[in-house]
Amino acid sequence: MLIKEYNTLWIKQFKDIKFELQSALIGLEYTIEHIGSTSVPNLASKAIIDIDIIHQSNSEFGMIKSRLLEIGYFHNGNQGIEEREVFKRNGIIKNSILDNVAHHLYVCPIHSLALKRHILFRDALRNNKFAKKEYQKIKYELARKANQNRKVYAELKEQNVNNFIDKLIGIKNKNNECAMPHDKSPNKNKL
């Protein structure tokens, strides 16, 4: 199955990757955030850890990029999303964690709209049970429509999820519709 039930192992995997990245980035100024569905407790997801490295300036980006290249990543450009640089493993320089834990690695400046969207969406899902449940239903339905094909799923998700995200994080669309209803339950999960 493409979408897996939530697994607490994802938090450990993020921490393991973060440790490897921090070891490579010693002396630089940055922060590292666990984003995406694997960062949301009790949300089913593809078992791929999404990570943002956040920097303050372009000069820091150059140094971060250089260090990532040294530990076996290659820079894959922004893949059409401004201020969100994608890094992938190069298969040449080996690392037992970085090569064996599926992950997406992004490097973003602190002012990046893509970064803001990542953080707002993650936090909204963490704090809104209704939205988390709705998003999970969407993901399972798209995986079914994609016949569990990862590439088709990614295309369907790109076509169908942006409006949901915009509503959840309060970005107005052309019809001036905004945020989804907030979960009013007294025991919201706060992390």
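Residues numbered from 1 in each chain as written. Predicted model: local features only at pLDDT ≥ 70, side-chain atom pairs only at ≥ 80, totals over all residues. Heavy atoms only, no water.

(A) Quick look at unusual backbone geometry. A positive phi angle, close to 60°, is found at Glu83, a residue other than glycine. Mapped onto the secondary structure, Glu83 falls in the loop between strand S3 (73-75) and strand S4 (85-89). A relative accessible area of 30% places Glu83 in the partly exposed class. One non-glycine residue with positive phi stands out, namely Asn147, at about 55°. (Helix = DSSP H or I, 4+ residues; strand = E, 2+ residues; numbered from the N terminus. Buried < 20%, exposed > 50% of the residue type's maximum accessible area, 1.4 Å probe, protein only.)

(B) Local environment of the sheet that holds strand S5 (residues 103-109). Strand order across the open sheet formed by five strands is S1-S2-S5-S4-S3, with mixed pairing between neighbours. In this open sheet, the two strands that pair with only one neighbour each are strand S1 (31-35) and S3. The mean angle between the axes of side-by-side strands here comes to 30°, regardless of whether they run parallel or antiparallel. Strands in contact with helix H2 (residues 58-70) are strand S2 (49-55), S3, S4 and S5; relative to S3, the strand with the most contacts, it is inclined by about 140°. (Pairing = 2+ DSSP bridges. Axes fitted to C-alpha atoms, helices over the stretch in contact; angles between N-to-C directions. Contact = heavy atoms within 4.5 Å.)

(C) Representation of the nonpolar core. In terms of nonpolar packing, the biggest core is built from 20 residues, with Phe121, Leu125, Tyr135, Tyr153, Phe164 and Leu168 touching the most fellow members. Elements represented by at least two residues in this core include exactly helix H3 (113-127), helix H4 (129-145), helix H5 (150-160) and helix H6 (162-169). When neighbours within four sequence positions are excluded, Tyr135 is seen to be in contact with Ser37, Leu43, Phe121, Leu125, Lys157, Val161 and Phe164. (Core = buried A, V, L, I, M, F, W, Y, C linked by side-chain atoms within 4.5 Å.)

(D) Expanded view of the side chain of Lys46. With respect to the helices and strands, Lys46 occurs in the loop between S1 and S2. Residues contacting Lys46, with those up to four places away along its chain left out, are Leu2, Ile3, Trp10, Thr38, Arg150 and Tyr153.

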